[in-house]
Amino acid sequence: LTLDCLGIAALALCSALACYGGGRRAACRDAGAFLPSLVILGILSFFSCRFTVSLLAEQEEALRLNRTGIERLQHTAGEAQSFSRTLREAMGGPPSWRWVLPVPPAQS
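**Observations regarding the overall build of the chain**
Piece 1. Scanning the chain from N- to C-terminus turns up four helices and zero strands.
Piece 2. Along its sequence from the N terminus, the chain presents helices and strands in the succession α-α-α-α.
Piece 3. The long-range share in the chain, meaning contacts at least 24 apart out of those at least 6 apart in sequence, stands at 32%.
Piece 4. Total accessible area on the chain stands at roughly 8500 Å², and carbon and sulfur atoms take up 67% of it.

Here it is as structure tokens:
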């Protein structure tokens, strides 16, 4: 999701630079109507990226400390264990392509 946000922001920035940069301003006279929407898109993309990164950091902290959100609020913690073991428990097994694409296995 963060890559999508960054991609949208990069697209908006590249569109604005291509239109207004390099002395080709005359070729983009009609594109001026799109500038406010590009600015709004850039701002929304920035805040969406910040939100996504914040959620990712929260999940990373929970895995690193082996502590759920409820345990954090109650000031308790799970048993101390390595980050890799906690990650395997959270993902349901050893590293696999299923971590990236969580689909059920095909039944034959």
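**Remarks on the side chain of T52**
Piece 1. Structurally, T52 can be placed in helix α2 (residues 35-65).
Piece 2. Only 2.9 Å separates the side chain of T52 from the backbone oxygen of S48, close enough to count as a polar contact.

**Concerning the packing of aromatic side chains**
Given two aromatic rings, one states the distance between the centres and the angle between the planes to describe the pair.
Piece 1. Applying the stated criterion across every chain, the model contains one aromatic pair.
Piece 2. Geometrically, the ring pair formed by F46 and F47 is edge-to-face, given 5.3 Å between the ring centres and 70° between the ring planes.

**What to know about the pattern of salt bridges**
Piece 1. Applying the stated criterion across every chain yields a total of three salt bridges.
Piece 2. Across the pair R64 and E60 runs a salt bridge whose closest N-O atoms are separated by 3.1 Å. Here E60 and R64 lie together in helix α2, a separation of four residues that amounts to about one turn.
Piece 3. You can call R64 partly exposed: its relative accessible area is 44%.

**What to know about a nonpolar patch on the surface**
Piece 1. Taken together, the side chains of V39, I43, F46 and F47 present a nonpolar region at the surface, about 390 Å² in accessible area.
Piece 2. Tracing the chain through its elements places I43 in helix α2.
Piece 3. A residue is classified by how much of its surface remains accessible, and I43, at 44% relative accessible area, is partly exposed.

**Notes on unusual backbone geometry**
Piece 1. With a phi angle near 55°, N66 is a residue other than glycine that sits in the positive phi range.
Piece 2. Here N66 falls in the buried class, since its relative accessible area comes to 16%.

**Looking at the confidence of the model for the chain**
Piece 1. Per-residue confidence for the chain averages 77 on the pLDDT scale, and 69% of its residues sit at or above 70.
Piece 2. The spread of mean pLDDT over the elements of the chain runs between helix α1 (residues 2-20), the lowest at 66, and helix α4 (residues 83-91), the highest at 86.

The rules behind these values
Residues numbered from 1 in each chain as written. Predicted model: local features only at pLDDT ≥ 70, side-chain atom pairs only at ≥ 80, totals over all residues. Heavy atoms only, no water. Helix = DSSP H or I, 4+ residues; strand = E, 2+ residues; numbered from the N terminus. Contact = heavy atoms within 4.5 Å. Areas by Shrake-Rupley, 256 points an atom, 1.4 Å probe, with all protein chains shown as cover. Polar contact = N/O pair within 3.5 Å; in protein donor to acceptor, adjacent residues only side chain to side chain. Phe/Tyr/Trp six-rings, centres within 6.5 Å; stacked < 30°, edge-to-face > 60°. Salt bridge = Lys/Arg side-chain N within 4 Å of Asp/Glu carboxyl O. Buried < 20%, exposed > 50% of the residue type's maximum accessible area, 1.4 Å probe, protein only. Patch = residues over 30% accessible without salt bridge, like charges linked within 9 Å, V, L, I, M, F, W, Y side chains within 5 Å. pLDDT = per-residue confidence, 0-100.

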